[in-house]
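Analysis of the macromolecular model
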Amino acid sequence: MPFVFRDAELTLDFLVVGGGIAGLAVAYALSTAGHRVRVVEKFGLDRPSAGQRIPPNLSKILWQWIGPEELMKVSTRCVGSPFHQLTTGENIGYLHWKPAVMAEMGGDFLLMRHDDLIRILHKLAIQAGARVDFNTEVVAVQQGSEEKPAPSVTLANGEVIYADVLIGADGSKSLVRDVVLEEEDEAKPGPMTTYSGVVKAEDMVGDPELAPLVQSEELPQWPVWMGNFRFIFWHPVVRIRLEELRARINMCNKRARKEYAFTIFNCKVPTPEQAGKETWDELFPTEQALTEEDGTLCQKLVKLAGPRLIRSQLMSRRDIDDWVDSTERIVLIGDSAHPNYPGGTHTAAMAVEDGAVLGSLFSHLSSKEQIPAFLNAYQELRQRRCEMVNRAVFDNARMMCLPPGPEADARDQDMAAQATDWDDGMLKVQFEEISAIFLYDAGDDAEEWWINWGRFHDSGNNSKPSVATFDFGNVSVRYE
């Protein structure tokens, strides 16, 4: 079902803390429903940025919001992922993103830059009527009271902003989450540190090993280099006409990759001295991010990114059971609610899905009495799915950084078989493996809740219905 654009019967004032992917996506979704939305973001649009994968469950939403043609101006289709041994470069296997399978998913697997996705969502939010204030820091968050239920935030300049609903989209180190949990969130360094960067194509053509990545007629791929508690991947983020580079590059193919993004994943718990920050603003010396295990090709590409890379640290924290505060006027979305590991493929998709679901639910608003029901429905619809996806991506990350031994050998044998034995049976297997994640449609999920429950729900009664079942592909949630 396409994303439904409708004006809510009753419109509210929403305040979104955080102007990243989650914050801008929900600002757009709520604004299209006629709500008044203000976003406050501590940083600007010029933060360090690297690559972004756009899986089918996200690309289908972006296609609905801006159209395939506009999206393809800043992205390129990924046809598959070759897997290599990190140190030797030996080819292990190949994962095909088959067009027939992607067509069934309703989207495509795309590659782009993270900051291009931010700019797309920012433009959408502004055009839909949202107000977005960058370089605006929130220093305190206040719940409402029975006398004055509106929650509020205090800005660094002393301004206090009230809203009917406050949305915490301020990332893994969420200030809003501390208010929802009613205690300070505790976190410690977890078993993953990432180092990211972007390399210009014109800097790659002088090297005989890297030049084919730029000059190849083959459609773009997302190669993964797997090592001992460590893996690296890279991919093109833009494809442009050759004429833009002809003055500096001697090539004869019709199209060229403009930039390559990469991320190094170190899958060990760091020492206190090695631990990075849970941020995308820490720059780290390139030479110190590389190790002797990293193959020659990977080292060459990474060093072309310049003297410093973006370092980010996974932090381990307890599960967040409640995404809605005790007053039922403050809610968490994106990494504030369900943090994933830095550089993860599905982090952006989960954030945009959150925004689409919340926006769709509140497009049906006719009374303030419905606010608690809508916020709790959002959590019920999203929490199980996010937990399932997070488990899948952590399992995949673990698979890519296995130490030498029987488990790694079995993985390599399985990948080799999948690369050579493709037939209709393999297509069916791939569809079944990825459908639970890729086939999901956020708009369908929210509208199904409304049809099956929400429209019959007494706006003054927040209890759950006697029985309602919602299907998330391989995961069903049953309310009784």
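These numbers were taken from a predicted model, which means no experiment stands behind them.

Before going further, it helps to examine the side chain of Thr32. One can find Thr32 in helix H1 (residues 21-32). For Thr32, the side chain forms a polar contact with the main-chain oxygen of Ala29, separated by 2.7 Å.

Glancing now at the nonpolar core. Trp65, Leu121, Val153, Ile167, Phe231, Leu358 and Phe362 are the most contacted members of the largest nonpolar core, which has 110 residues in total. Ranked by residue count, the leading element in this core is helix H13 (residues 371-400), at 12 residues. Counting residues in hydrophobic clusters, the runner-up holds 21 residues, among them Ile232, Phe284, Leu297 and Leu309.

With that settled, the discussion passes to the pattern of salt bridges. By the definition in use, this model includes 20 salt bridges. In this structure, the salt-bridge partner of Glu70 is Lys73, at a minimum N-O distance of 2.8 Å. What makes Lys73 exposed here is its relative accessible area of 51%. For Asp164, the salt bridge is made with Lys368, and the minimal N-O distance between the two is 3.2 Å. Of the two residues, Asp164 sits in the loop between strand S11 (160-162) and strand S12 (165-168) while Lys368 sits in the loop between helix H12 (347-362) and H13, which places them 204 residues apart along the sequence. Under the relative-accessibility criterion, Asp164 is labelled buried at 12%.

Attention now goes to the sheet that holds strand S10 (residues 152-155). With antiparallel pairing, the three strands of this open sheet are ordered in space as S9-S10-S11. Strands at the two margins of the open sheet, each flanked by one partner only, are strand S9 (138-142) and S11. Looking at each pair of strands side by side, their axes are set apart by 20° on average, direction ignored.

Taken in spatial order, the three strands line up as S3-S7-S4 in an open sheet, and their pairing is antiparallel. Each edge of the open sheet is held by one strand with a lone partner, namely strand S3 (51-54) and strand S4 (75-77). The sheet shows a mean angle of 25° between the axes of neighbouring strands, taken without regard to direction. Here S3 runs beside strand S7 (residues 110-113); their pairing, made up of four bridges, is antiparallel. Residue Ile54 lies in a different strand from S7, and its bridge partner there is Leu110. The strands that helix H2 (residues 56-66) touches are S3 and S7; relative to S3, the one it contacts most, it runs at about 90°.

Judged by side-chain charge, Asp319, Asp321, Asp322 and Glu387 come together as a negatively charged surface patch. Within the secondary structure, Asp322 is located in the loop between strand S18 (308-317) and strand S19 (330-332).

What UniProt calls "transmembrane region" (unreviewed entry) maps, in this numbering, to residues 12-30. What you have in residues 12-30 is 53% helix and 26% strand, and the ends, taken at the C-alpha atoms, are 9 Å apart.

A word on the environment of Leu361. In this fold, Leu361 is placed in helix H12. A relative accessible area of 0% places Leu361 in the buried class. Taking the C-alpha atoms as reference points, Leu361 and Ala373, 12 residues apart in sequence, are found 9.8 Å from one another. When residues no more than four places from it in sequence are discounted, the contact partners of Leu361 are Phe374, Ala377, Tyr378, Leu381, Ala446 and Trp449.

With 85% of its residues at a pLDDT of at least 70, the protein chain reaches an overall mean of 85. Low pLDDT, under 50, characterises residues 239-256; the stretch is placed with 37 contacts to residues that sit more than four places away or in other chains.

Scoring rules and cut-offs
Residues numbered from 1 in each chain as written. Predicted model: local features only at pLDDT ≥ 70, side-chain atom pairs only at ≥ 80, totals over all residues. Heavy atoms only, no water. Helix = DSSP H or I, 4+ residues; strand = E, 2+ residues; numbered from the N terminus. Polar contact = N/O pair within 3.5 Å; in protein donor to acceptor, adjacent residues only side chain to side chain. Core = buried A, V, L, I, M, F, W, Y, C linked by side-chain atoms within 4.5 Å. Buried < 20%, exposed > 50% of the residue type's maximum accessible area, 1.4 Å probe, protein only. Salt bridge = Lys/Arg side-chain N within 4 Å of Asp/Glu carboxyl O. Pairing = 2+ DSSP bridges. Axes fitted to C-alpha atoms, helices over the stretch in contact; angles between N-to-C directions. Contact = heavy atoms within 4.5 Å. Patch = residues over 30% accessible without salt bridge, like charges linked within 9 Å, V, L, I, M, F, W, Y side chains within 5 Å. Areas by Shrake-Rupley, 256 points an atom, 1.4 Å probe, with all protein chains shown as cover. Lys, Arg positive; Asp, Glu negative; His and termini not counted. Charge placed at Lys NZ, Arg CZ, Asp CG, Glu CD. UniProt positions renumbered as here; feature names shortened; annotations may be inferred. pLDDT = per-residue confidence, 0-100.

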